[in-house]
Each structure stands twice: as C-alpha cells, then as structure tokens.
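Architecture at a glance
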Amino acid sequence: MRTEEKLLPRALRGAPVDRHPIWLMRQAGRYLPEYREVRAKAGNFLDLCFTPELATEVTLQPIRRFGLDAAILFSDILVVPWGLKQKVGFQEGEGPKLDPIRNAAELAALVPDGMVERLAPVYETVARLKQDLPAETTLIGFAGAPWTVATYMIEGGSSRTFETCRRFATEDKTSFEALIDLLTDATIAHLDAQVAAGAEVVQLFDSWAGALEGDAFERWVMAPAKRIVAALKAKHPKLPIIGFPRGAGALYLGYAKATGIDAVSLDQDVPLGFARDVLQPAIAVQGNLDPLVLVAGGSALEERVRAIIDALGRGRFVFNLGHGIVPQTPPEHVAKLVELVRMSRPARA
C-alpha cells in the first residue's frame, strides 16, 4: 500500500505543496509549562535525554499544543561525547560542563567502541516517537557537526572565542584532525541509528561554524559534513538531510554545494535577498525568523513572517527560526506564528 509523502519531505525536494511546512528549533523546551513539569521530575538534563518515556513526552508536547509539521527528537548534541565516555554534565544556569580534552593522551582515552549501544535510550525514544506521532507529522533526528562538538570537548563547555580549541587545532594538528575524524565517524553512526529507529529527516547542527573562515571552514566544517552526508546517503539514498552552518554568512552557498545536503537552515542574519537569489535556486532553504521577534510578538512578528514568506515562498522552503526558541518566549506567540504561516499559501514561481 502506497502512503502519501508527508508535507516536510515534499517541500524539501521541491514538490508542489498547498501550504508551507513549519517546525521550530528547540520547540520542546523551557518556554512550555508542561516541559518544566517533566523536567522537574527527571532529575538532571541528561537523565531526561536518556529516559525514553520522558524524552518522548517532551518531544510530543509542542506537537499536541501547536500541531507543527515535524517533531525533532528531544536530545542534545553532547550525547555523542558522553557516548564516547567523555565526562559530560549540565549545571542549571551554567550550561554544559565537560572534562576537557587538551592533548593526545586525553584524546586516546575516548572509547568509540560501544558508543551506539551506550546511546540505545536515544534510539528507543526515536522508535517510540515513530509509533506515537500523528501520521502526518515528520520525525526529525539530529546531531551536532564535528567542529561544533569538538569545541565543547576541548573548551570544556561553551565559549565565545574558542581560543583553546583554535590553539589545539594549530599546535597539534594531528590530534585535532584525529578528533574530527573520530567525531565524523561517531556522527555517522549516531544518525544512522536514528534513521534505523524511525527518523525520516535529519539535521546536522554546526552552531559554531561562523567562528571559522577560509581553509579552516573548508577543512573542519565542509569536509566532515560532506563525509557524513555521503555515508548516510549510501545507506539511505532518499533520506533528506538539512545542514545548519550557523553564522556562515557568504559561505552558506559553498557549504550547500560542497556537502551534498538537501536543504540549508538559515540563521537570522542571512539577508532574505541573498537567500532568495543566491541560495534558493540551488537548494531548499529553511528559516529564518529571529527568535527575539517571536518573543516580541504583535505587529513585529506579523510583518517579519510576511517578509520571509514573500521572499522565500515561491521556492523550496520550510518556515523555521534562525536559531532555537528562547526560554522567555510566550507560548501564545508560538501559536500565533503557526497560525500566520498556516494562513499563507505558496506562490507559484
């Protein structure tokens, strides 16, 4: 029996759609009171990620509330370092904390064998979601890209300057390249396991891609993404893959062409004219509402939604934010956003 293709994959491949699909990065999270209730029961953040019953519940919450066209697995990009046996923790109000990797010996202590087995609860969550989601809702899996994940592993947490990571990459190129290669293999395995469990689309988050340029961008952002995409496509030829090289600016087009992704997710700083005239003729685009405009709501939200759809609505397009929902976002603003997007209709080019 042939089943009808879902809205999000149709839009990504450029098939005609009768409305624009919408989902939002971090759509499950602290802005929702029902999420905060589950989070309080879970203990710590990683316990929430690794408890399939709870991770499934928080993934489903925004689907129930807003009827979004896709659910993105509730997890974190740092489950991969945890799966490699690096010590990873999350401190309330401070973000992730990792035992940093600063030399070849500490790199050698990582344990890639058995990573997928250690992350089995994540894939169980995917399988549960595949069963529990509405039939029309697409299930998105994800992973952090090697460069971004490496910054956390080396810095020991978040960073504004990435000074330690940059120095590591410069002073010990052999070890840094080995780490990127290890993370590339681990990311392929992690995404492949999600697809095997039921993910229908995957997104590769390179949140700190904008910290690099020139040869470094090509070597540490483009090349690993290309290898990940090629490996996944070899096993899953029809799998739509979205890349998000946040902050890449003018390098977005080169990234899109070099990596083989099916769609590129745009941060809020990408000009709509550039997205329409340069990127969209080459690839599907996703984005790029500023999360703070969503916080503001009102006429500012309505005007910006209209501008994005007017600019990008004639081509391959998925409505999303330029980054994740922030905790201070009123849920009623999200409901209004979904209403605004649903009211619009794709224009024919």
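Every value quoted in this text rests on a predicted model; they were computed, and no experiment measured them.

Further remarks concern the overall build of the protein chain. When you go through the protein chain residue by residue, the secondary structure sums to 17 helices and nine strands. Taken over the C-alpha trace, the protein chain has a radius of gyration of 19 Å; the compact-globule value for 349 residues is 20 Å, and the two agree within 12%. By its C-alpha atoms, the protein chain is 55 × 45 × 45 Å across when sized along the principal axes. Across the 349 residues in the protein chain, those meeting the buried criterion constitute 57%. Sequence-distant contacts in the protein chain: of pairs separated by 6 or more residues, those separated by 24 or more amount to 73%. Total accessible area computed for the protein chain in this model is approximately 14,800 Å², and 50% of it derives from carbon and sulfur atoms.

Reading across from one edge, 1-4-5-6-7-8-9 is the order of the seven strands in this open sheet, with parallel pairing throughout. Of all the strands in the sheet, just strand 1 (70-72) and strand 9 (317-321) have a single pairing partner and so form its edges. With strand direction ignored, the average angle separating the axes of adjacent strands in the sheet is 25°.

Mapped onto this numbering, the UniProt entry annotates "site: Transition state stabilizer" (unreviewed entry) at D76. Its place among the elements puts D76 in the loop between strand 1 and helix 5 (79-83). What D76 contacts, discounting residues up to four positions off in sequence, is F45, C49, F90 and F142. At a separation of 2.9 Å, a polar atom in the side chain of D76 contacts the main-chain amide nitrogen of L78.

Further remarks concern the nonpolar core. Within the largest apolar cluster, 128 residues are counted, with the highest numbers of intra-cluster contacts made by L84, M153, F176, F319 and L337. When residues of this core are assigned to their parent elements, the largest contribution, 11 residues, is made by helix 11 (residues 173-197). Sequence-distant contacts of F176, defined by excluding residues within four places in its chain, comprise W147, A150, I154, C165, F168, A169 and W220.

Glancing now at the side chain of Q86. Take Q86: it is sitting in the loop between helix 5 and strand 2 (88-91). Its relative accessible area of 6% is what places Q86 among the buried residues. Polar contacts involving the side chain of Q86 include one to the main-chain carbonyl oxygen of D99, which spans 2.7 Å. Among the polar contacts made by the side chain of Q86, one reaches the main-chain carbonyl oxygen of M153 at a distance of 3.2 Å.

Quick look at the packing of aromatic side chains now. Taken as a whole and assessed by the stated rule, the structure comprises 12 aromatic pairs. Connected via pairs of aromatic rings, a cluster forms that spans W147, F162, F168, F176, W208 and W220.

Next up on the list: the pattern of salt bridges. Enumeration over the complete set of coordinates arrives at 16 salt bridges. A salt bridge links D69 to R342, with the nearest nitrogen and oxygen atoms 3.3 Å apart. A residue pair is termed long-range when its members are at least 10 positions apart, and D69 in the loop between helix 4 (52-66) and strand 1 and R342 in helix 17 (residues 331-343) qualify at 273 residues. Classification of R342 as partly exposed rests on a relative accessible area of 23%. Within the structure, one salt-bridge network assembled from shared partners comprises K6, K130 and E200.

Attention now moves to helix 16 (residues 298-312). Helix length check: helix 16 (15 residues) gives 22 Å between terminal C-alpha atoms against 21 Å at 1.5 Å per residue, within 8%. Among all positions of helix 16, only L301, V305, I308, I309, A311 and L312 are buried. For helix 16, the buried positions fall inside an angular range of 165° around the axis, keeping them on one side.

Reading the values: rules and limits
- Residues numbered from 1 in each chain as written.
- Predicted model: local features only at pLDDT ≥ 70, side-chain atom pairs only at ≥ 80, totals over all residues.
- Heavy atoms only, no water.
- Helix = DSSP H or I, 4+ residues; strand = E, 2+ residues; numbered from the N terminus.
- Rg over C-alpha atoms; globule rule 2.2 N^0.38 Å.
- Buried < 20%, exposed > 50% of the residue type's maximum accessible area, 1.4 Å probe, protein only.
- Contact = heavy atoms within 4.5 Å.
- Areas by Shrake-Rupley, 256 points an atom, 1.4 Å probe, with all protein chains shown as cover.
- Pairing = 2+ DSSP bridges.
- Axes fitted to C-alpha atoms, helices over the stretch in contact; angles between N-to-C directions.
- UniProt positions renumbered as here; feature names shortened; annotations may be inferred.
- Polar contact = N/O pair within 3.5 Å; in protein donor to acceptor, adjacent residues only side chain to side chain.
- Core = buried A, V, L, I, M, F, W, Y, C linked by side-chain atoms within 4.5 Å.
- Phe/Tyr/Trp six-rings, centres within 6.5 Å; stacked < 30°, edge-to-face > 60°.
- Salt bridge = Lys/Arg side-chain N within 4 Å of Asp/Glu carboxyl O.
- Expected span 1.5 Å × (residues − 1).
- Arc of directions from axis to C-beta.

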